[in-house]
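Structural overview
The residues making up each chain are set out below.
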Amino acid sequence: MSRLWYSALAPKYELKKAKSVIHPFSIQGYTGMTVNPYQGCQHRCAYCYATYEWSPEFYDKIYAKSNAPEILEKELQSWKGGTISPVMVASATDPYQPAELKYSLTRRCVEILQKYHVPYYVFTKSAIIERDIDLHSKYGQNCLVVWSITTANERKRRIIEPGTSPANRIFEVIQRFTDAGVPCGVNVDPIMPLITDTDEELDAIVDCCKQAGVKYIFGAILRMRQDIWERMKQVLNLLAVPDGESRYKEIYEIVDPLTKAYIPCNREYAKRTTNRLIEKIKSHGLCPDFPGCLRPQKIDRACIGQTTIFSFTETSSD
Ligand code: SF4
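Attention here is on the structure that accompanies the text. Keep in mind that this is a model prediction, so the values were computed, not measured.

Let's shift gears to the sheet that holds strand 1 (residues 12–16). In spatial order, the strands read 1-5-4; together these three strands make up an open sheet with mixed pairing. The strands lining the two open edges of the sheet, one partner per strand, are strand 1 and strand 4 (38–39). Two elements, strand 1 and strand 5 (residues 61–65), share five bridges in a ladder whose sense is parallel. Note that in strand 5 the partner of tyrosine 13 across the bridge is isoleucine 62.

On to the site of the ligand, then. Every residue near the ligand is listed here: Cys41, His43, Arg44, Cys45, Tyr47, Cys48, Thr93, Asp94 and Lys125. Looking at the shell around the ligand, its residues break down into four nonpolar, two polar and three charged.

Summed over the entire model, instances satisfying the criterion amount to one cavity of 30 Å³ or more. Estimated volume of the largest cavity: approximately 60 Å³.

Take the nonpolar core next. The biggest cluster of nonpolar side chains holds 88 residues, and the ones touching the most others in it are Leu76 and Met232. Apart from residues lying up to four places away in sequence, leucine 76 is in contact with Ile22, Ile84, Ile112, Leu113, Tyr116, Val118, Ile299 and Arg301.

Turning next to the environment of tyrosine 116. Relative to the helices and strands, tyrosine 116 is located in the loop between helix 3 (105–115) and strand 8 (120–124). Between the C-alpha atoms of tyrosine 116 and lysine 102, which are 14 residues apart in sequence, the distance is 25 Å. When sequence neighbours within four positions are dropped, the list of residues in contact with tyrosine 116 reads Glu73, Leu76, Gln77, Lys298, Ile299, Asp300, Cys303 and Ile304. At a separation of 2.8 Å, a polar atom in the side chain of tyrosine 116 contacts the side chain of glutamate 73.

It is worth spelling out the packing of helix 7 (residues 199–212) against helix 10 (residues 267–283) at this point. Close contact between helix 7 and helix 10 brings their axes to 10 Å; oriented N to C, the two are set at 35 degrees. In this structure, helix 7 meets helix 10 at a crossing whose hand is right-handed. Side by side, helix 7 and helix 10 meet where Asp199, Leu202, Asp203 and Val206 of the first sit next to Arg276, Leu277, Lys280 and Ile281 of the second. Of the residues in the contact of helix 7 with helix 10, the class split is four nonpolar, no polar and four charged.

Take helix 9 (residues 244–252) next. For an α-helix the count is 3.6 residues per turn, leaving residues at separations of three or four pointing the same way. Those residues of helix 9 that fall on the buried side of the exposure criterion are Gly244, Tyr248, Ile251 and Tyr252. When helix 9 is viewed along its axis, its buried side chains cluster within an angular range of 80 degrees and face the same direction. Buried residues along helix 9 sit in contact with strand 11 (216–221), helix 8 (226–238) and helix 10. Among the residues trailing helix 9, glutamate 253 stands out with phi positive, at a value near 50 degrees.

Okay, the sheet that holds strand 2 (residues 22–27) next. The strand order 2-3-7-8-9-10-11 describes an open sheet built from seven strands, whose pairing is mixed. Two strands close off the open sheet at either side, each with one partner strand: strand 2 and strand 11. On average, adjacent strands in this sheet sit at an angle of 30 degrees to one another, irrespective of strand direction. As judged from the four bridges shared by strand 9 (residues 143–148) and strand 10 (residues 184–191), these two strands associate in the parallel manner. Opposite tryptophan 147, over in strand 10, you have valine 186 as the bridge partner. On the sheet, helix 10 packs against strand 10 and strand 11 and is oriented at approximately 165 degrees with respect to strand 11.

Procedures and definitions
- Residues numbered from 1 in each chain as written.
- Predicted model: local features only at pLDDT ≥ 70, side-chain atom pairs only at ≥ 80, totals over all residues.
- Heavy atoms only, no water.
- Pairing = 2+ DSSP bridges.
- Helix = DSSP H or I, 4+ residues; strand = E, 2+ residues; numbered from the N terminus.
- Near = heavy atom within 4 Å.
- Nonpolar A, V, L, I, M, F, W, Y, C, P; charged D, E, K, R; others polar.
- 1 Å grid on protein atoms, 1.4 Å probe; cavity = no way out; pocket = protein on both sides within 12 Å on 5 of 7 lines; lining within 4 Å.
- Points joined across faces, edges and corners; volume = space filled by probe spheres on them.
- Core = buried A, V, L, I, M, F, W, Y, C linked by side-chain atoms within 4.5 Å.
- Buried < 20%, exposed > 50% of the residue type's maximum accessible area, 1.4 Å probe, protein only.
- Contact = heavy atoms within 4.5 Å.
- Polar contact = N/O pair within 3.5 Å; in protein donor to acceptor, adjacent residues only side chain to side chain.
- Axes fitted to C-alpha atoms, helices over the stretch in contact; angles between N-to-C directions.
- Left-handed = near helix turned anticlockwise from the far one by under 90°.
- Arc of directions from axis to C-beta.

In structure tokens:
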């Protein structure tokens, strides 16, 4: 039985020491480096892909890698080769989940990336990133901030991803970032069949993106996995989607029991839904793709030996 994603209890925070923090990753054709300052995530998304069985407390226990900035700096100092691919902050947790207000590890890691002139993408579902608008805006075109937004419908969001920020709040923050000249994208991911795939849902997000000055919108349809399926069945029930379970079985060609491998939705549904999203994005004059604006760059080693002075904006001790 898969664990429930929903809980009224606050997660526990625990400090841990990381041996390394920058790692290669590959997601659906994109490769690069990633930094995850935290392990676990308080956003509690039912569809989360990062809830592996080796991380059973994923939603309830958040590990803060207390030495992440220092280890990151050491790894960049001894980087083999002169160039580095854009770094994704973060790939297996949200770097601006509430723990960041306590530990500021994401901010400090970003300060290190900037010090060594490393290009980076930030992926978040949180308005907490607003705290760091000064930091990201001073890095100009060398970073891209991407908000993952699945729905502008607040009733659905509270059920599907109760720990994330409401979409209207996110779009206020995006507006501030685009006004400050930070390149911004929105990732409509995952699009959940029968839940967030309607014209009304997709139009609401694309319209808000246009108004907030977002240039890039892209998205992907939910991939299914054993534990995600268990949670999605509950979501379908809570949202009272008519025949939700049986229609999902058709869309994903599910034969219970599922394995731990991912399965995509069927091709016909994927093509139809993806094309609808792309048409909506293009009709607003926006780019329907992940931007290739960040390129591998030469690490700036001139700063080696300079002391890093971190800017603490909130309480950073346990
Ligand atoms: S924000 Fe991302 S990492 Fe966190 S629970 Fe949601 S999907 Fe998982």
